[in-house]
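# Residue-level structural notes
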Amino acid sequence: MTNATLIYNVRLVDENMDAAGAVLIIDKKIRAVFQGYFTSPETVSNLAHLVLVEDGCDGTCKLELYDGGCLTLTPAFIDMHVHLRYPGQTQKEDLQSGLKAAVAGGFGTVVAMPNTTPVVSSYDLALKIEKEASELGLSHLFQTVSITKDFEGQDTSQLDVIEQEHIPVITEDGKDVLSSAVMLEGMKKAGRRGIIVSCHSEDPTLAFQARPYRQNALKIMKEIGLSAWGTDYRNEPEDSAEAMEPIESNESIAAVAEIDKNLTKANELLALAEDVATVRNIMLAKQADCHIHVAHVSTKNAIDAIRVAKQELLERNGGGNRTGFDVSCEVTPHHLALCGTEEPLIRALVNPPLRSETDRNALIEALRDGTADVISTDHAPHTMDDKAAGSPGFTGEEIAFAVCNTVLVKENGFSAQKLSQLMAANPGRILGLQKGLIKPGYDADLVVLDPDEEWTVRADNFYSKGKATPFEGRNLFGVVKTVFIDGRKVFERV
């Protein structure tokens, strides 16, 4: 018996479409798209049955109906940058919690980073993780492999056996490869196999110089009980009398000034580290004839370097199909939404740091003009103890759509189609997947959402184990209601 699902009474939104309609799903794929105002199931069911008869259905097909209630149906999002902390760091996240967070955020596919315990350096380990993830029946997962064995910075021999079909991306994420010669070698191997090299572009020597300044700031923050995730309040238990009391004494004000001074110096060095490494990695990718994907771009200088490289590619290829050397890049929701030069967000520790308002606006314009290709979360869950001790990064999958919908669509005039392009169609194309569009033949990974519903971020409600977020208590627009993966309903918000 053929099973089919018909989702109707929805607004269909992808990069090419914004119209009322319905979608017929058969065997994990989108079989047909019907445009029109189908509020009654009878009319659209008749259209679906015509398609089923055309496909040879003998009347034994079971058609399941889902009324979308006039909400928006969009392709499931694709996250090219997540940390699921598996294997070996399950106190922070595991496959179950991480992928449950992913579907709750509307993500149908995620690409997991290799900075785990042990580092994912072997093809076999990567395939094992992908198999375990698939058995959960939640979001699809691609596991990246490190550029150098165990992140030691010298040996790239593990790349000799990797197949692009299963491992489309390699990366040293968490840091950059120090040796340009070793990075070039890894890029050449990736280029020959059509594998994308995702770069955490950060000169390690400059990052090393920034470390003492951040450590000095963390020492003072610990002494006076300030958080490392950008709140105004003390790190005290909720039942403490001081838990929600802002720090206002003269001594504390002086301490905060010293914290900010140290973090400003650290961030200046880290900005230079990003700018230098971005240019280096583009030049190496050009020499290696490979596709470089620049992760979590955060500075205007870095995005300008990427824009120049893309313009050179356009002029060289005349807008045709590209092979070999190519450049794509991502930006994160937190870098789009938050300015990190002032209190309290200067203390919201993440790598790369939150930047200036000039940098933030440059990223928004890069998304608008196509220089920046995708939005990725860099989902980085930590225990609260680790976060309080200064571990960089935030939990991001469950709020990513709402943050971007609020900042880009509501505040900066992006269309819903453009946001779908950035979160679904473009990453799908970069990864070579039949995902990210509402189109016959594409995978039936779909999300029903309300882009206008307002809600307040409460990390205690996250499915992720990571509860640290600088968006705590903020009002955002956009709620994921239901998620279909391969045509199966895997998440429904109650």
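Everything here concerns the structure above.
Residues numbered from 1 in each chain as written. Predicted model: local features only at pLDDT ≥ 70, side-chain atom pairs only at ≥ 80, totals over all residues. Heavy atoms only, no water.

This part is about the overall build of the protein. When helices and strands are counted, the protein shows 12 helices and 16 strands. Seen along its three principal axes, the alpha-carbon backbone of the protein occupies a region of about 75 × 55 × 40 Å. Counting the 494 residues in the protein, one finds 59% classified as buried. When contacts within the protein are restricted to residue pairs at least 6 apart in sequence, long-range pairs at least 24 apart make up 74% of them. (Helix = DSSP H or I, 4+ residues; strand = E, 2+ residues; numbered from the N terminus. Buried < 20%, exposed > 50% of the residue type's maximum accessible area, 1.4 Å probe, protein only. Contact = heavy atoms within 4.5 Å.)

Turning next to the pattern of salt bridges. A side chain of one charge can pair with a side chain of the opposite charge if their charged atoms are brought near each other. All chains considered together, the criterion is met by 27 salt bridges. Residue K465 pairs with D94 through a salt bridge whose shortest N-O separation is 2.9 Å. Here K465, found in the loop between β14 (446-456) and β15 (475-485), pairs with D94, found in the loop between β6 (77-82) and α2 (95-104); they are 371 residues apart in sequence, far enough to count as distant. Taking relative accessible area as the criterion, D94 reaches 19% and is therefore assigned buried. Across the pair K219 and E223 runs a salt bridge, and its minimum N-O distance is 2.8 Å. (Salt bridge = Lys/Arg side-chain N within 4 Å of Asp/Glu carboxyl O.)

Let us now look at the packing of aromatic side chains. By the definition in use, this model includes four aromatic pairs. Ring geometry for Y66 against F484: centres 5.3 Å apart, planes inclined by 85 degrees, an arrangement best described as edge-to-face. Note that Y66 is positioned in strand β4 (residues 62-67) and F484 in strand β15, a separation of 418 residues in sequence. F484 shares its class with Y66; the two are buried. Judged by centre distance (5.4 Å) and plane angle (15 degrees), the ring pair of F77 and F401 falls under stacked. On the criterion of sequence distance, the pair formed by F77 in strand β6 and F401 in helix α11 (residues 400-412) is long-range, its members being 324 residues apart. Take F77: its relative accessible area is 3%, and that puts it in the buried class. Here the aromatic cluster, defined as three or more aromatic residues joined through ring pairs, consists of F77, F107 and F401. (Phe/Tyr/Trp six-rings, centres within 6.5 Å; stacked < 30°, edge-to-face > 60°.)

Let us now look at the environment of L141. Turning to its location among the elements, L141 is positioned in strand β8 (residues 140-143). On the accessibility criterion, L141 (9% relative accessible area) is buried. Considered as a pair, L141 and D79 are 62 residues apart in the sequence and their alpha carbons are 9.6 Å apart. Apart from residues lying up to four places away in sequence, L141 is in contact with L84, L95, L99, V110, A112, I129, E130 and A133.

This part is about helix α3 (residues 123-136). Owing to its 3.6 residues per turn, the α-helix brings residues three or four apart onto one side. Taking 1.5 Å per residue as the helical rise, α3 with its 14 residues ought to reach 20 Å, and the 21 Å between its terminal C-alpha atoms agrees with that figure. Within α3, the full set of buried residues consists of Y123, A126, I129, E130 and A133. Mapping the buried residues of α3 onto a view down its axis gives an arc of 130 degrees, with all of them on the same face. Among the exposed residues of α3, those oriented more than 90 degrees off its buried face are D124, K131 and E135. Looking at the buried residues of α3, the elements they touch are α2 and β8. At the C-terminal side of α3, G137 shows a positive phi close to 70 degrees. (Expected span 1.5 Å × (residues − 1). Arc of directions from axis to C-beta.)

Taking 1.5 Å per residue as the helical rise, helix α1 (residues 41-54) with its 14 residues ought to reach 20 Å, and the 20 Å between its terminal C-alpha atoms agrees with that figure. All buried positions along α1 are accounted for by V44, S45, A48, V51 and L52. Seen along its axis, α1 keeps its buried residues to an arc of 115 degrees; they face one direction. Turned more than 90 degrees away from the buried face of α1 sit E42, N46, L50, V53 and E54, all of them exposed. Where the residues of α1 are buried, they touch β1 (3-14), β2 (17-26), β3 (29-35) and β4. In the stretch just after α1, G56 is the one whose phi turns positive, near 90 degrees.

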